[in-house]
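Chain and residue survey
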Amino acid sequence: MEFVSTRDARVRTTFSCAVQHGLAPDGGLYLPVSWPTLEPQVQPLPVTAAALMAPLVAGDRLAPAIAAMTAAALNFRIPRVTLAPDDSFSVLELFHGPTAAFKDVGARFLAEALTRLPDASGRVHDILVATSGDTGGAVAAACDGRPGLRVTLLYPKGRVSPTQEKQLTCWGDNVRSCAVQGSFDDCQRMVKEAFLSPHLRARHALASANSINIGRLVPQAAYYAATSAEYEARHGRRLSFIIPSGNLGNAFAAVMARRMGYPVGDIVLAHNANTTVPDYLSTGHWNPKGSVATIASAMDVGNPSNMERFRALYPTVEELRQVVTAASVSDDAIRTRIRLDADRYGQVWCPHTAVGAEVYARLPQQARDQAWCLVATAHPAKFREIVEPIVARSLEMPASLAMLFARPSRLVEIDATLAALEGVLT
Ligand SMILES: *Cc1c(COP(=O)(O)O)cnc(C)c1O
């Protein structure tokens, strides 16, 4: 299978190269050149992941290792917990991995892939991540202590919560955590400049781990495939998903699973006060904006990067409306929903999951005939500074997070310049 750029179908490469480079040379994002369809089967998650990925990596140098890679990457449980006696409402808990958010899935697979793709000149892969939250921790955890991989995290000093900062700074020798004297945008700019610097590229095998990397998206399609196949076998009908969304990577993964033949029903994108996508679907005008800060901060995205993939597959708004719907939820509604559902279901949502829970609560009556699955993107204790005051009690840390908190923190403070980043990389 070849992978093609969203901008020019003549720009093609292998799965391995798409994973190593992240972005296509013309600035586009990679998509498979065609969409294989599979016969859904009820299988353990890593087996489903290997089956779904097999046609995508056919002929690639990673193909023989794909089963080992999915088994190693998806080594934690992803349970679907039912919240209705007839199983018409349930929650898919994606937060049982090492850093308690769904980004562990893609980050762990990416680490498995890069470990198996040695640089031609024998250099270590230098993975640069600008992060304001979950991505950095997930990538660091996935690469921590792995030979051949080195991670440099850039986060805005003083602008992440203490719980988040701990997850960005508690790693071993091959992870460097940089508190940048600047904003998240400065961190992103520095990473972009590094990739554009001929001098740095000559010295380092730079790799990117953000959600434009196809190596993060493909393994995420597996949990939609496995969950929907299991639901259909059990109840004889499709399962619809409500997905808390920011850059639309998780949502695109759900669309992939459905395109590849799995019984995924409706896909609803649940956005916070960043309304670019809901506005596009309702008005037909694509009008990306600056991001608005909310309490569901991992979804504070005004110009979602994976929209480019959606628009490559579904060029008109009418086509996209056949594929997904979207809604937006305010911070006040998030807070109220966390409080209400803690009483109603005994479930404490993280602020991102609560966006989806609120969208579920607002579904029109006729949509209630379907079976719905809310996608829980993170554990609430990850955002305890926000959630604990709302539910007026303290939350228990999952063991994986508690372990991170027992480790010492290490970080360097740097200026928001490429020269400062270069100093760290040498
Ligand atoms: C990253 C993230 C999201 C948004 O996911 P996208 O794939 O960017 O749409 C939602 N919730 C949490 C907890 C996240 O970390």
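Each remark here, short or long, concerns the structure printed above.
First things first, this report covers the structure right here in the doc. (Residues numbered from 1 in each chain as written. Predicted model: local features only at pLDDT ≥ 70, side-chain atom pairs only at ≥ 80, totals over all residues. Heavy atoms only, no water.)

1. Concerning the packing of helix α3 (residues 66-73) against helix α4 (residues 103-115)
Axis separation between α3 and α4 bottoms out at 9 Å; the angle between their running directions is 140°. When the interaxial angle is binned, α3 and α4 end up oblique. As for the relative orientation of α3 and α4, their crossing is right-handed in sense. Between α3 and α4, the residues in contact are Ile 66, Met 69, Thr 70, Ala 72 and Ala 73 and Arg 108, Phe 109, Glu 112 and Ala 113, respectively. (Axes fitted to C-alpha atoms, helices over the stretch in contact; angles between N-to-C directions. Helix = DSSP H or I, 4+ residues; strand = E, 2+ residues; numbered from the N terminus. Parallel < 35°, antiparallel > 145°, perpendicular 65-115°, else oblique. Left-handed = near helix turned anticlockwise from the far one by under 90°. Contact = heavy atoms within 4.5 Å.)

2. Details of the sheet that holds strand β10 (residues 239-244)
As summarised here, the arrangement of the six strands in space is β4-β5-β13-β10-β11-β12, forming an open sheet in which the pairing is mixed. Edge positions in the sheet fall to β4 (80-82) and β12 (325-328), since each has one partner strand and no second. This sheet shows a mean twist of 25° between the axes of neighbouring strands, independent of strand direction. Against the sheet, helix α11 (residues 276-283) engages β11 (264-271) and β12, with an angle of about 125° to β12. (Pairing = 2+ DSSP bridges.)

3. A closer look at the nonpolar core
Ranked by size, the top nonpolar core spans 137 residues in total, and within it Phe 15, Ile 127, Tyr 224 and Phe 310 carry the most contacts. Among the elements that line this core, the one with the most residues is helix α9 (residues 214-235), at 11 residues. Apart from the residues within four sequence positions on either side, Phe 310 is in contact with Leu 248, Ala 251, Phe 252, Val 255, Leu 320 and Val 324. One finds Cys 178, Val 180, Ala 420 and Leu 421 within the second-largest nonpolar core, a separate group that totals 19 residues. (Core = buried A, V, L, I, M, F, W, Y, C linked by side-chain atoms within 4.5 Å. Buried < 20%, exposed > 50% of the residue type's maximum accessible area, 1.4 Å probe, protein only.)

4. Examining the pattern of salt bridges
Under the counting rule described, the total for this entry stands at 22 salt bridges. Here Asp 87 ties to Arg 80 by a salt bridge, and the two come within 2.8 Å at their closest N and O atoms. Accessibility assignment for this pair places Asp 87 and Arg 80 in one class, buried. One salt bridge connects Arg 362 with Glu 358, and the closest N-O pair in it is separated by 2.8 Å. Bridged by salt links that share partners, the residues Arg 80, Asp 87, Glu 230 and Arg 234 form one connected network. (Salt bridge = Lys/Arg side-chain N within 4 Å of Asp/Glu carboxyl O.)

5. With respect to the site of the ligand
Around the ligand sit 15 residues in total, of which Lys 103, Asp 134, Gly 246, Asn 247 and Leu 248 are the nearest. The side chain of Lys 103 places a nitrogen or oxygen atom 2.5 Å from an oxygen atom of the ligand. In this structure, Gly 246 approaches the ligand through a main-chain N or O atom, which is 2.7 Å from an oxygen atom. Across the complex, the protein chains shield 97% of the 380 Å² of accessible surface that the ligand would expose by itself. Its residues assigned to classes, the shell around the ligand comprises six nonpolar, seven polar and two charged. (Near = heavy atom within 4 Å. Polar contact = N/O pair within 3.5 Å; in protein donor to acceptor, adjacent residues only side chain to side chain. Areas by Shrake-Rupley, 256 points an atom, 1.4 Å probe, with all protein chains shown as cover. Nonpolar A, V, L, I, M, F, W, Y, C, P; charged D, E, K, R; others polar.)

6. Regarding the sheet that holds strand β7 (residues 149-156)
Within the open sheet, the five strands sit side by side as β9-β6-β7-β8-β14. Their pairing is parallel. Looking at which strands have only one partner, the edges of the open sheet turn out to be β9 (205-208) and β14 (412-415). Across the sheet, the mean angle from the axis of one strand to that of its neighbour is 30°, orientation sign disregarded. As judged from the four bridges shared by strand β8 (residues 175-181) and β14, these two strands associate in the parallel manner.

7. Focus: the environment of Leu 128
One can find Leu 128 in strand β6 (residues 125-130). Exposure remark for Leu 128: the relative accessible area of 4% places this residue in the buried category. Residues Leu 128 and Leu 206, 78 residues apart in the sequence, show an inter-C-alpha distance of 7.1 Å. Excluding residues within four positions of it along the chain, Leu 128 makes contact with Thr 152, Val 191, Ala 194, Phe 195, Leu 206, Ala 207, Ser 208, Ala 209 and Leu 425.

8. A few points about the layout of surface pockets
What the second largest pocket holds in volume is close to 320 Å³. Considering the residues around the second largest pocket, the lining is formed by 21 residues, among which Phe 95, His 96, His 379, Pro 380 and Glu 396 are closest to the centre. Sorting the residues of the lining of the second largest pocket by element identifies β5 (89-93) and α17 (399-405) as the ones contributing at least two each. Residues that form the lining of the second largest pocket fall into these classes: 11 nonpolar, seven polar and three charged. (1 Å grid on protein atoms, 1.4 Å probe; cavity = no way out; pocket = protein on both sides within 12 Å on 5 of 7 lines; lining within 4 Å. Points joined across faces, edges and corners; volume = space filled by probe spheres on them.)

9. Side note on unusual backbone geometry
In the Ramachandran plot, Ala 100 falls in the positive-phi region, its phi being about 60° despite a non-glycine side chain. Residue position: Ala 100 is located in the loop between β5 and α4. Taking relative accessible area as the criterion, Ala 100 reaches 0% and is therefore assigned buried. A positive phi angle is found at Ala 392, which is not glycine, with a value near 55°. Among the secondary structure elements, Ala 392 is positioned in the loop between α16 (384-391) and α17. A relative accessible area of 68% means that Ala 392 is categorised as exposed.

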